[in-house]
Amino acid sequence: MNRLPSCLRAKSNSTAAALALAAAIMLVPANLLPVLTTESSGSDQSNTIFSGAVELWRQGLWAISAIVFTASIVIPVLKLAGLGWLLMSARPGASGNPRRLTRIYAAINFIGRWSMLDVFLAAFLTGLVQFGEFSTVTPRSGIVAFAAAVVLTVLATRAFDPRVLWREAPGSPS
Amino acid sequence: MSSIPSPKVSRARTFPLIWVVPLIAAAIGCWMGISELRNRGTDITVNFADGSGVEAGRTVLEYKGVSAGTVESVELRPGLVGVSIRLRLNRTAASLASSGAQFWIVHPEISFSGVKGLDTLVTGVRLNVLPGGGPPARLFTGLDKAPAPDVTDQGRSFILQADLLGSLTTGAPVFYREFKVGKVEASRLSADSTSVLIRIHLDAPYGDLVRTSTRFWNTGGFSFKISLFGGAQLKDTSLESLVTGGVAFATPDNGALAPAAPGDSQFALASEPEKDWLKWAPKIQIKSPDAVAQSQSKKGILNELIKQ
């Protein structure tokens, strides 16, 4: 049996699995807790990501609402689901199409850096809208959880080694 | 060739350090959720007959002059019988949500008897609350106006029955020997609508001035009499009662002094005093108002201590 040098051998993916699990846990408070509190002329309103998207939709900003919904709810969940699928397929003994799985991995890796839309939005609004009595935007704990979930997903994707997908199934001819 | 001792391979299964990350994430997530729930406070609903000026997100509930909560929403009740105001109490004010609590809306009020809630002209109306202290509750019925001040140890209230209200508005003065000892608290028609019931309140040391034999009369307005032999007579008591009306009383001094009248006892209110009422001057011992205030504040501190 000719073995690959250790630098080329596929690593264990337990790091990726742990980070993905942490990201999945952080997604729960990210979606349940308010991300922003908008206070305008005395009346304040706290929004979660979902209620913010609904609010935008009701105000007729359908395009922005769709972007927020897609970028902040659909994509993070899809990314984590894809990563979970990859991790399941990478287990020894599992079978899958390595080519397709590698494409999914590439897509998740590519999209990762674009998922901080909400965090940027919150940072911009908090910096810009500070008019004291008239209008104030304050970030809430939900946005921290959301940022943590995104960063953990990116780290999990980085920690995942796609070479395990190409590992030959035991018993197949070498 | 010496044989190399074979290495001892120990395969201690260590817990991979990276799995601490999801544990930390779970801990932080739980902490975020709990702190959010704790800060959210308690939601209560107060039903009012009229909600003019109350705005969702803006009107605050105040207790002892500081904010205790915010109005979350204002809605008409089904059947249009009133408005339903949903309040979110601050965390520290959660104990206000107990049955028996009284809620009312503070509007600016300017009258001869005083200026109240003037700040609400600028800030908009606010809600005030008097805690109940009963078991926890979520649904309350609001009062139309501020409740009458607690009278247990702050003077005494009496009810006067009159044919006509005269000009006795709420806050009109009550005099004893032309010295102001109290004021009119409220008035309403009697159940059979044949008379008017007027509730007066005497300040702390003066409650004892009212005995069971005391007579009350209305000093409202002024009267001007011209008669052939008596000449012209102008009757009035004070400038204040000239405008708002007022009540005066006197106690007979012949014979033994009648016992002090208990609170809420009912008297007839004459429209004019009889001549000898004005001459009555019985000796009634009263404490000085300062002593009363002092004992009350002591009692207040004692009550606070007992509550704690």
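Cut-offs used in this document
Residues numbered from 1 in each chain as written. Chains lettered and ligands numbered in written order. Predicted model: local features only at pLDDT ≥ 70, side-chain atom pairs only at ≥ 80, totals over all residues. Helix = DSSP H or I, 4+ residues; strand = E, 2+ residues; numbered from the N terminus. Buried ≥ 20, exposed ≤ 12 C-beta atoms within 10 Å, placed from the backbone. Contact = placed C-beta atoms within 7 Å. Nonpolar A, V, L, I, M, F, W, Y, C, P; charged D, E, K, R; others polar. Pairing = 2+ DSSP bridges. Axes fitted to C-alpha atoms, helices over the stretch in contact; angles between N-to-C directions. Parallel < 35°, antiparallel > 145°, perpendicular 65-115°, else oblique. Left-handed = near helix turned anticlockwise from the far one by under 90°. pLDDT = per-residue confidence, 0-100. Core = buried A, V, L, I, M, F, W, Y, C linked by C-beta atoms within 7 Å.

Observations concerning the overall build of chain B
Step number 1: From N to C terminus, chain B includes four helices and 18 strands.
Step number 2: Taking all 308 residues of chain B together, 22% fall into the buried category.
Step number 3: Sequence-distant contacts, at least 24 apart, represent 71% of the contacts inside chain B between residues at least 6 apart.

Quick word on the overall build of chain A
Step number 1: Helix and strand content of chain A: six helices and three strands.
Step number 2: Walking chain A from its N terminus toward its C terminus, one meets helices and strands in the order α-β-β-α-α-α-α-β-α.
Step number 3: Within the span of chain A, comprising 174 residues, buried residues form 30% of the whole.
Step number 4: Residue pairs in contact within chain A that sit at least 24 positions apart in sequence constitute 72% of those at least 6 positions apart.

What about the interface of chain B and chain A?
Step number 1: Listed as interface residues are 14 residues of chain B and, on the opposing side, 17 residues of chain A.
Step number 2: Grouping the amino acids of the side of chain B that touches chain A by side-chain chemistry returns nine nonpolar, three polar and two charged.

Remarks on the sheet that holds strand β2 (residues 60–63) of chain B
All names here are of chain B.
Step number 1: Here seven strands make up an open sheet; going across it, the order is β5-β8-β2-β3-β4-β1-β9 and the pairing mixed. Of all strands in the sheet, those with a lone pairing partner are β5 (102–106) and β9 (139–141), marking the two edges. Sheet twist, expressed as the mean angle between neighbouring strand axes with direction ignored, is 30°.
Step number 2: Pairing geometry for β2 and strand β8 (residues 126–130), over two bridges, is parallel. Pairing of Glu62 across the sheet is with Asn128, part of β8.

Topic: the pairing of strand β13 (residues 196–202) of chain B
All names here are of chain B.
Step number 1: Here strand β10 (residues 156–162) runs beside β13; their pairing, made up of seven bridges, is antiparallel. When the sheet's bridge partners are listed, Gln161 is paired in β13 with Leu197.
Step number 2: By the bridge criterion, seven bridges tie strand β12 (residues 179–189) to β13 in an arrangement that is antiparallel. Bridge pairing in β13 places Ser187 opposite Ile198.
Step number 3: Linking β12 back to β13 in an antiparallel pair, the connection comprises six residues, with Ser193 at a positive phi of about 60°.

Let's talk about the packing of helix α3 (residues 62–89) of chain A against helix α6 (residues 141–159) of chain A
The relative placement of two packed helices comes down to the angle between their axes together with the axis-to-axis distance.
All names here are of chain A.
Step number 1: Running from N to C, α3 and α6 cross one another at 30°; their axes reach a closest spacing of 11 Å. Our classification of the angle between α3 and α6 gives roughly parallel. Between α3 and α6 the crossing geometry is left-handed. Two secondary-structure elements touch here, α3 through Pro76, Lys79, Leu80 and Leu83 and α6 through Ala149, Val150, Thr153, Ala156 and Thr157.

A word on the pairing of strand β4 (residues 83–89) of chain B
Residues and elements named next belong to chain B.
Step number 1: Two strands pair when backbone bridges link them, and strand β1 (residues 42–48) and β4 are joined in this way by seven bridges, in the antiparallel orientation. Its bridge partner lying in β4, Phe48 is registered against Val83.
Step number 2: With seven bridges connecting them, strand β3 (residues 66–76) and β4 associate as antiparallel partners. By the bridge assignment for β4, Leu76 is matched with Val83.
Step number 3: Once β3 ends, the chain turns through six residues before running back antiparallel as β4, passing Gly79 with a positive phi of about 85°.

Describing the confidence of the model for chain B
Step number 1: Considering every residue of chain B, the mean pLDDT works out to 78; 77% of them sit at 70 or more.
Step number 2: Overall fold confidence for the complex sits at a pTM of 0.55, while the interface term, ipTM, reaches 0.75.

Focus: the environment of B:Asp119
Step number 1: With respect to the secondary-structure elements, B:Asp119 resides in the loop between β7 (114–116) and α2 (120–123).
Step number 2: Residues B:Asp119 and B:Val106 lie 13 residues apart in sequence; the distance between their C-alpha atoms is 9.9 Å.

As for the packing of helix α1 (residues 14–32) of chain A against α3(A)
Residues and elements named next belong to chain A.
Step number 1: Contact geometry for α1 and α3: axes closest at 10 Å, N-to-C directions at 155°. With respect to α3, the axis of α1 lies roughly antiparallel. Considering the relative orientation of α1 and α3, their crossing is left-handed. Every residue of α3 that contacts α1 at Ala16, Ala17, Ala20, Ala23, Ala24, Leu27 and Asn31 is listed here: Ile73, Pro76, Leu80, Leu83, Gly84 and Leu87.

Some thoughts on the environment of B:Pro282
Residues and elements named next belong to chain B.
Step number 1: Along the chain, the position of Pro282 falls in the loop between β18 (266–270) and α4 (289–307).
Step number 2: Judged by C-beta crowding, with 17 C-beta atoms within 10 Å, Pro282 ranks as partly exposed.
Step number 3: Sequence separation of Pro282 and Leu209 is 73 residues, and the distance between their C-alpha atoms is 9.5 Å.
Step number 4: Residues within four places of Pro282 in sequence aside, it is in contact with Thr251, Asp253 and Leu257.

Details of the nonpolar core
Residues and elements named next belong to chain A.
Step number 1: One finds Ala20, Ala22, Ala23, Met26, Phe146 and Ala149 to be the most contacted residues of the largest nonpolar core, which totals 40 residues.
Step number 2: Tallying contributions element by element places α1 first for this core, with 13 residues.
Step number 3: Non-local contacts of Ala149, meaning those with residues more than four positions away in its chain, are made with Ala23, Met26, Leu27, Ala30 and Pro76.

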